[in-house]
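The primary structure of each chain is shown beneath.
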Amino acid sequence: MKPDLQRFLADRIDEITAEVAGEIAARVPAYTHLRPAEISNLVREAIAAYSGACEARAVLPVFRALGAGEACAGHDVGHFESALRAAARVLVRRTAGAAARLYPPTAEFITVMETAFTAESAIVGAAVDGYRRATRPAVARRLYPLLSRN
C-alpha cells in the first residue's frame, strides 16, 4: 500500500471527480447527465484500487453492481464501457502524475503504475461482467426490483 499516494489523491478527490464527470460527458454524449455527486463514491473506490490502498478485487462488487444497474436501466453496453474507459483514463493519468511527483521514476513508480493498470482492467471488466450478467433474462427479472428500490 502507498499511503502517501492515497492521501495525495484523496486530498484532490473533488477536482478528480469533477474531471472524471467532465471527461465522460465530453466523450460519451449518452452520459452528459452525470454529475460529480453521482460518481463520487465510484471514483473513491477506483482511486483506492489504483493507488494500491486496497486490492482491486475488494472494489469489484461495487462495479459489478454498477454494471447490473446500467443493464437494468436499459443503457447501451457500448456507451457504458466507453464511459468507464474515459473515467479510467483520467484516473490513470492522475495516479501517474501523483506517483511521478511522489516517487520519481523508480521501482516505486513502476509498481504504482502496474497496480493502476491492473486495477483499471479488473474494474472495467467487473462492471461489464455485471452488465452482461444482468442482461440475462432470468437474472434481470430478479435484479430489477432490487436495484430499482435503491
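Note that residues are indexed from 1 along each chain, following the sequence as it is written. Thresholds applied to this predicted model are a pLDDT of at least 70 for local features of residues and 80 or more for the giving and counting of side-chain atom pairs; totals over whole chains, interfaces and linings are not thresholded and use all residues. Excluded from the side-chain calculations are hydrogens and water; all other atoms, namely the structure's heavy atoms, are used.

Side note on the packing of helix α5 (residues 77-102) against helix α6 (residues 107-134)
With axes taken as lines fitted to C-alpha atoms, and helix axes fitted only over the stretch in contact, angles between N-to-C directions fall between 0 and 180 degrees. Helix numbers and strand numbers start at the N terminus; a helix is a DSSP run of H or I with at least 4 residues, a strand a run of E with at least 2. One can describe the packing of α5 onto α6 by two numbers: an axis separation of 10 Å at closest approach and a directional angle of 165°. Judged on the interaxial angle alone, α6 and α5 are roughly antiparallel. For α5 against α6, the interelement crossing comes out right-handed. Seen from α5, the contacting residues are Val77, Phe80, Glu81, Leu84, Arg85, Ala88, Val92, Thr95, Ala96, Ala99 and Ala100; seen from α6, they are Phe109, Val112, Met113, Ala116, Phe117, Glu120, Val124, Ala127, Val128 and Tyr131. In this scheme, roughly parallel covers angles under 35 degrees and roughly antiparallel covers those over 145, while 65 to 115 is roughly perpendicular and the rest are oblique. For any helix crossing, the convention is left-handed if the near helix is rotated counterclockwise from the far helix by under a right angle, and right-handed if that rotation is clockwise. Contact between two residues is taken to exist if any of their heavy atoms lie within 4.5 Å; hydrogens are not considered.

A few points about the pattern of salt bridges
Side chains bearing opposite charge may pair, as long as their charged atoms lie close to each other. The term salt bridge refers to a pairing of a side-chain nitrogen on Lys or Arg with a carboxyl oxygen on Asp or Glu at a separation within 4 Å. Taken as a whole, this structure holds nine salt bridges when the rule is applied. Here Arg93 ties to Glu19 by a salt bridge, and the two come within 2.8 Å at their closest N and O atoms. Of the two residues, Arg93 sits in helix α5 while Glu19 sits in helix α2 (residues 13-27), which places them 74 residues apart along the sequence. We call a residue buried when its accessible area falls under 20% of the maximum for its residue type, exposed when it is over 50%, and partly exposed in between, using a 1.4 Å probe and counting protein chains only. Since its relative accessible area comes to 25%, Glu19 is described here as partly exposed. Salt-bridge contacts for Arg85 lead to Glu81; the nearest nitrogen and oxygen are separated by 3.3 Å. Placement of both Arg85 and Glu81 in helix α5 is noted, with a separation of four residues, approximately one turn of the helix. Of the residues examined, Glu81 reaches a relative accessible area of 25% and is grouped as partly exposed. Each of Glu15, Glu19, Arg93 and Arg94 takes part in one network of salt bridges that share partners.

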